[in-house]
Amino acid sequence: MTANSDNATARTPAGAAGGPAPLSGATDHRDGPWRDPALAPGARADALIAVMTLQEKISQLFGVWVGASDEGAEVAPFQHDMEEAVDLDDLLPHGLGQLTRPFGTAPVDPAVGALSLARTQARIAGANRFGIPALAHEECLAGFATWGATAYPVPLSWGATFHPELIGEMAASIGRDMRSVGVHQGLAPVLDVVRDARWGRVEETIGEDPYLVGTVATAYVRGLEAAGIVATLKHFAGYSASRAGRNLAPVGMGARERADIILTPFEMAVRDSGVRSVMHAYTDTDGIPSAADGPLLTGLLRDTWGFDGTVVADYFGIAFLKTLHGVAGTFGEAAGAALGAGVDVELPTVKAFGRPLTDAIAEGLVPETLVDRAVRRVLVQKAQLGLLDADWGPVPAALAGVAGADGGVGGDSQALRGTVHLDSDENRALARRVAEQAVVLLRNDGTLPLAAGAGAPARIALIGPNADAPTAVLGCYAFPVHVGGQHPDTPLGVELPTLREACVAEFPDCEIVTVRGSDIDGPATDGFDEAVELARSADLVILALGDRAGLFGRGTSGEGCDAENLALPGVQQQLLDTLLDAGTPVVVVLLAGRPYALGRAVEEAAAVVQSFFPGEEGTRAIASLLSGRTGPSGRLPVSVPRHPGSQPATYLTARLGHSSDVSSVDPTPAFGFGHGLTYTAFEWSDLVVERGRASTEGEFTLSCTIRNTGARAGTEVVQLYLHDPVASVVQPVQRLIGYVRLDLDAGRAARVRMTVPADLSSFTGREGRRIVEPGDLELRLSASSTDPRLTARVTLTGPVRTVDHTRRLHMSVRTEVLTDAPESGAP
């Protein structure tokens, strides 16, 4: 794929922008076959490698952490407390592989940041004898992580939509914005499968089921790559399975859990998405750190799955082989171990791949062939991006033709300020659609939707720590939280209506009064009395609870913000119970990064509305659901626990992982994976098993009718689970193998026909190979993991069959909306 939006102007000549001149005494190679876009990227990379020095090759294998200048000047190296300062004048004559987060390090106007990046790229290209610019990467976990860019819902909300196509549309929009200002690579999506919801990074995941994670992540990658951005799968592999849900803790899972649960989404994305980069995980599995795991990064990823892109380090991950894991005695040994395993690029900045690697090669400890292998992958990617083309230019599309961008990189930064908009009306509308489809209605006694006109509540008490907090909708990688918190005097950059503001707009005829009642995680209960008084004076209480996103202990959710249990943070459960006792109906609204046990609210709240950091339009989406202007259609991507101390527990567990008479701990969820209510009702009927017996190479076919029997339009998500009653190794009681989202008007019906290949029943057998076994199976057509509606009993015949990465991964679905909506009988 060639996506060369950097081609707005001709390349700046050597020595431009006052940067260092190329190496003295070296032959200038600004023309050569690597400049010819008609040649295959591999051939261009090989030609370039043949004339590069060792230091020039190594320089392509690391990034430098930089921050764009808000004055439009060149970027400056970012001084991180884990690393020493970097001297660009010393590095650039040899070249530079990547620029780390030029937009995502400090608040900067997008147009001025683009100018700053363009000037820096001109300097980088002008300083090395091949004229090669750097590849710029950014975070894009919940939107382009820069000041003023749209803050979309977090990945856990993506999973809640059960709508991969919508998530792909969102990713394409994110990618276009990134590419327009000169960014080439996005560090997303996260494909970690939730194994313990106490882990702080649950908000960054798509859910607890590998099939849901794989399908949604694949769609996200396709969207990002279609926009010309190199997507990055992370964290490969096992990060989310750390013991006790602690960030970076060791991982002790067995090979079968790793193969069938953790690796499955990555395999799906590598096969189906066109992804061009993978990031290794921080953690070790059974004593082997991912950054030094050759069988994983080379044997499986490349040799078996056929991945041919780049493997990049999670930040500081190569150095961690020495400092945290203790499997390398020196940074040179760490560099050799990572290169040998298959890591190509050190991020965020140069450490092990600098002098330590050079010295290790000189001492004969690391073969230069490993450098050649890695740099070829890097240069192939730069060729695909147009960065080696003869007509490459540093000015990105967003600045092309804009006053002040004078055909070069010397534009007036003040004139450019405010000319690039990364939070367009179209973006916000898309963020709103995702948020609306991600909000999950967990419980409803009929209170919702709130009646209009004379039946509407005259006075609503909006209570809780998230009732009037603008950033309550944002996860820890959203720019206003991730970076903005370090710049309290800088505006947020995007409009973040609070839940109070959204409800005031949604219910103009209601009096809405607000108090906090408590903090998110503080111990104080002195606000309870005021909250109770307000509740008793109102017709309805909307109680806004949940999380505050942050990093490394500065929040209740986010990277390094792990939880000891799944009780609501602070005294929020006490506040909830106190308000339930007040007598006024309570609608609980959660703005959170993980699921929490809700105690009495599961049975006693008038309604429970779950959102997972739904982004800048999230409160408006919640308010419109409360009013009924939009119907709830989200489904849980993670189970909501009944008890706060029952972790780790997911629906995807074997019989002994469920409730039993031999343990006093009951992991049964309050609301299971896939659960979500609507404002209408659906009838499931007329199951027909057209083909219920098949060989281990064959497929089953079944169909059913889904009818909206309510009075308004709604969305049903048909989930297909496989139950294998008898297998040669212990299996989960059930696992999701397919789903389809149906939007049906009142009174309408659809016939859903599914063809299910036998391959979907495969699992890793006793010998470590993936197999399809003969025997009886159940295919459960369900509204959630706890709500089966129709069950097809089918049989596989013939011998045990070994399958591999070429097996079929998906069922095929054909949906027909029925015109006459018959009351019974298949069409």
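Anything mentioned here points back to the structure above.
The rules behind the values
Numbers given to residues run from 1 along each chain, matching the order in which its sequence is written. Per-residue local features are limited, in this predicted model, to residues with pLDDT of at least 70; the limit for side-chain atom pairs, both in listing and counting, is 80 or more; totals at the level of whole chains, interfaces and linings are taken over all residues. Computation of side-chain values covers all heavy atoms of the structure but excludes hydrogens and water. To qualify as a helix, a DSSP run of H or I must reach at least 4 residues; to qualify as a strand, a run of E must reach at least 2; elements of each kind are numbered from the N terminus. In this treatment the radius of gyration is a C-alpha quantity, and the globule benchmark scales as 2.2 Å times the residue count to the 0.38 power. Think of it in three bands: residues with accessible area under 20% of the maximum for their type are buried, residues over 50% are exposed, and the middle band is partly exposed, with areas taken using a 1.4 Å probe on protein chains only. Areas reported here follow the Shrake-Rupley algorithm with a probe of radius 1.4 Å; residue values treat only the protein chains shown as occluding. The positive count covers Lys and Arg only, the negative count covers Asp and Glu only, and His and the chain ends enter neither. Each charge is placed at NZ for Lys, CZ for Arg, CG for Asp and CD for Glu. What counts as a salt bridge is simple: a side-chain nitrogen of Lys or Arg found within 4 Å of a carboxyl oxygen of Asp or Glu. Polar contact criterion, stated in full: a pair of N or O atoms within 3.5 Å, where within protein one must be able to donate a hydrogen and the other to accept it, and residues adjacent in sequence count only if both atoms are side-chain atoms. Only when DSSP finds a minimum of two bridges between them are two strands counted as paired. Angles run from 0 to 180 degrees between N-to-C directions of axes, and those axes are lines fitted to C-alpha atoms, restricted for helices to the stretch in contact. Working definition: rings of Phe, Tyr and Trp (its six-membered ring) pair if their centres are within 6.5 Å, and the pair is stacked with planes under 30 degrees apart, edge-to-face with planes over 60 apart, and tilted otherwise. We call a charge positioned over a ring when the NZ of a Lys or the CZ of an Arg lies within 6 Å of the ring centre and within 35 degrees of the ring normal. Throughout this description, the term nonpolar core refers to a set of buried Ala, Val, Leu, Ile, Met, Phe, Trp, Tyr and Cys residues connected via side-chain atoms within 4.5 Å. We call two residues in contact whenever any of their non-hydrogen atoms come within 4.5 Å of each other. Roughly parallel refers to an angle under 35 degrees, roughly antiparallel to one over 145, roughly perpendicular to one between 65 and 115, and oblique to any angle outside these ranges. In this scheme, a crossing is called left-handed if the near helix is turned counterclockwise away from the far one by less than a right angle; it is called right-handed if the turn is clockwise. Side-chain classes follow a simple rule in which Ala, Val, Leu, Ile, Met, Phe, Trp, Tyr, Cys and Pro form the nonpolar group, Asp, Glu, Lys and Arg form the charged group, and the remainder, Gly included, forms the polar group. Each patch is built from salt-bridge-free residues with over 30% relative accessible area, joining like charges within 9 Å and nonpolar side chains (Val, Leu, Ile, Met, Phe, Trp, Tyr) within 5 Å. To be clear, the arc concerns the directions from the helix axis to the C-beta atoms. We call a pair of cysteine sulfur atoms a disulfide when they lie within 2.5 Å.

Engineer: Could you clarify how one ought to interpret the overall build of the protein chain in this entry?
Structural biologist: Within the protein chain one finds 22 helices and 30 strands. What you see for the protein chain is a C-alpha radius of gyration of 27 Å, in line with the 28 Å of a compact globule of 827 residues. Its C-alpha atoms put the protein chain at 80 × 65 × 55 Å along the principal axes. Relative to its full complement of 827 residues, the protein chain shows a buried share of 64%. Accessible area for the protein chain stands at about 27700 Å²; split by element, carbon and sulfur atoms hold 50% of it. Positive and negative side-chain charges in the protein chain, numbering 67 and 99 respectively, have mean positions lying 5 Å apart.

Engineer: Got a minute to help me understand the side chain of Glu-346 in this structure?
Structural biologist: Within the secondary structure layout, Glu-346 lies in the loop between α12 (331–341) and α13 (355–362). Although buried, Glu-346 forms no salt bridge, and the nearest oppositely charged side chain, Lys-351, lies 8.1 Å from it. At a separation of 2.9 Å, a polar atom in the side chain of Glu-346 contacts the main-chain amide nitrogen of Ala-352.

Engineer: Teacher, can you tell me more about the sheet that holds strand β24 (residues 749–757) here?
Structural biologist: Consider a sheet: its strands pair through backbone hydrogen bonds, and that pairing is either parallel or antiparallel. Ordered by their spatial adjacency, 4 strands build an open sheet running β19-β21-β24-β30, and the pairing between neighbours is antiparallel. In the strand order of this sheet, the two ends are held by β19 (682–691) and β30 (812–818), each with one partner. Direction aside, the axes of adjacent strands within the sheet are offset by 15 degrees on average. Pairing analysis gives 7 bridges linking β24 to β30, with the strands arranged antiparallel. Directly across from Val-752, in β30, lies its bridge partner Thr-815.

Engineer: Is there a simple way to explain unusual backbone geometry in this structure?
Structural biologist: A negative phi angle characterises most non-glycine residues, just as the trans form characterises most peptide bonds. Looking along the chain, the bond that leaves Phe-236 and enters Ala-237 is cis, with omega of 0 degrees. Tracing the chain through its elements places Ala-237 in the loop between β6 (230–236) and α8 (255–262). Look at the link from Leu-448 to Pro-449: it is a cis peptide, with omega at 0 degrees. Inspection of the secondary structure assignment puts Pro-449 in the loop between β11 (440–444) and β12 (459–463). Its identity as a non-glycine residue notwithstanding, Ala-244 has a phi of 65 degrees, on the positive side.

Engineer: Hey, could you run me through the packing of aromatic side chains in this one?
Structural biologist: Here a ring pair, both rings aromatic, is described through the centre-centre distance and the interplanar angle of the planes. Applying the stated criterion to the full structure yields 15 aromatic pairs. Ring geometry for Tyr-239 versus Tyr-282: centroids 6.0 Å apart, planes at 85 degrees, classification edge-to-face. Of this pair, Tyr-239 sits in the loop between β6 and α8 while Tyr-282 sits in the loop between β7 (277–280) and β8 (284–285), and the two are 43 residues apart along the sequence. Each member of the pair Tyr-239 and Tyr-282 is classed as buried. The structure contains a cluster of three or more aromatic residues connected by ring pairs, namely Phe-162, Tyr-211, Tyr-651, Phe-673, Tyr-721 and Tyr-739. Between the NZ or CZ atom of Lys-234 and the centre of the ring of Tyr-477, over which it lies, the distance is 5.8 Å.

Engineer: Where do I start with the pairing of strand β21 (residues 699–708) in this structure?
Structural biologist: Each regular strand displays side chains that alternate between the two surfaces of the sheet. Taking burial as the measure, the 10 residues of β21 include 9 buried ones, the bulk of the element. Bridge count between β19 and β21: 7 bridges; the pairing is antiparallel. Its bridge partner being in β21, Phe-682 is matched across the sheet by Asn-708. As defined by bridge partners, β21 adjoins β24 across 9 bridges and the pair is classed as antiparallel. Within β24, the residue paired with Ile-706 across the bridge is Ala-750.

Engineer: Help me understand the environment of Pro-732 in this model?
Structural biologist: You can see Pro-732 is positioned in the loop between β22 (714–723) and β23 (735–744). Classification of Pro-732 by relative accessible area gives partly exposed; the value is 22%. Separated by 33 residues in sequence, Pro-732 and Glu-699 place their C-alpha atoms 21 Å apart.

Engineer: What am I meant to see in the nonpolar core here?
Structural biologist: Most often, soluble globular proteins have nonpolar side chains that are buried together. Tyr-220, Phe-236, Ile-463 and Leu-579 are the most contacted members of the largest nonpolar core, which totals 220 residues. Leave out the neighbours within four places in its chain, and Leu-579 touches Ile-463, Ala-531, Val-532, Ala-535, Val-541, Leu-543, Thr-584 and Val-586. Trp-684, Phe-700, Val-740 and Leu-744 belong to the second-largest nonpolar core, a separate cluster that totals 31 residues.

Engineer: Help me understand the packing of helix α18 (residues 499–506) against helix α22 (residues 618–627) in this model?
Structural biologist: Two numbers describe a pair of packed helices, the interaxial angle and the distance between the axes. The geometry of α18 relative to α22 is characterised by a closest axis approach of 8 Å and an angle of 40 degrees between their N-to-C directions. Between α18 and α22, the interaxial angle falls into the category oblique. Crossing of α18 against α22: the hand is right-handed. From α18, Leu-499, Ala-502, Cys-503 and Glu-506 reach across to α22, where they touch Thr-619, Arg-620, Ile-622, Ala-623, Ser-624, Leu-626 and Ser-627. For the contact of α18 with α22, the class distribution of residues is 6 nonpolar, 3 polar and 2 charged.

Engineer: How should the pattern of salt bridges be read in this particular structure?
Structural biologist: Pairing between side chains of opposite charge can happen when their charged atoms approach one another. A complete count under the given rule lists 44 salt bridges for this structure. Glu-225 is the salt-bridge partner of Arg-276, the closest N and O atoms lying 2.7 Å from each other. Residue Arg-276 is found in the loop between α9 (264–272) and β7, and its partner Glu-225 is found in helix α7 (residues 210–226); the two are separated by 51 residues along the sequence. Comparing Arg-276 with Glu-225 shows no difference in burial state: the two are buried. In the salt-bridge network here, residues are joined through shared partners; they are Asp-423, Arg-428, Arg-432, Glu-436, Glu-495, Glu-616, Glu-617 and Arg-620.

Engineer: Just to check I follow, could you spell out a negative patch on the surface for this structure?
Structural biologist: A cluster of like negative charges, contributed by Asp-526, Asp-529, Glu-530 and Glu-533, occupies part of the molecular surface. Tracing the chain through its elements places Asp-526 in the loop between β13 (511–515) and α19 (528–536).

Engineer: So what exactly am I meant to see when it comes to the sheet that holds strand β29 (residues 801–802) here?
Structural biologist: Within the open sheet, the 3 strands sit side by side as β25-β26-β29. Their pairing is antiparallel. A strand with exactly one partner marks an edge of an open sheet, and here the two such strands are β25 (763–764) and β29. Bridge count between strand β26 (residues 770–772) and β29: 2 bridges; the pairing is antiparallel. Looking at the pairing, Val-772 lines up with Arg-801 of β29.

Engineer: In this structure, what is going on with α19? I would like to understand it.
Structural biologist: Structurally, the α-helix is built with 3.6 residues per turn, so residues lying three or four positions apart point the same way. Listed as buried for α19 are Phe-528, Ala-531, Val-532, Leu-534 and Ala-535. Angularly, the buried residues of α19 cover 165 degrees about the axis, an arc narrow enough to put them on a single face. Looking at α19, the residues exposed on the side facing more than 90 degrees away from the buried face are Asp-529, Glu-533 and Arg-536. Elements in contact with the buried residues of α19: β12, β13, β14 (540–546) and α20 (572–581).

Engineer: Got a minute to help me understand the state of the cysteines in this structure?
Structural biologist: When the sulfur atoms of two cysteines share a covalent bond, that bond is a disulfide. Summed over the entire model, instances satisfying the criterion amount to 0 disulfides. A disulfide-free cysteine, Cys-561 has its sulfur positioned 7.2 Å from the sulfur of Cys-476, the nearest such atom.

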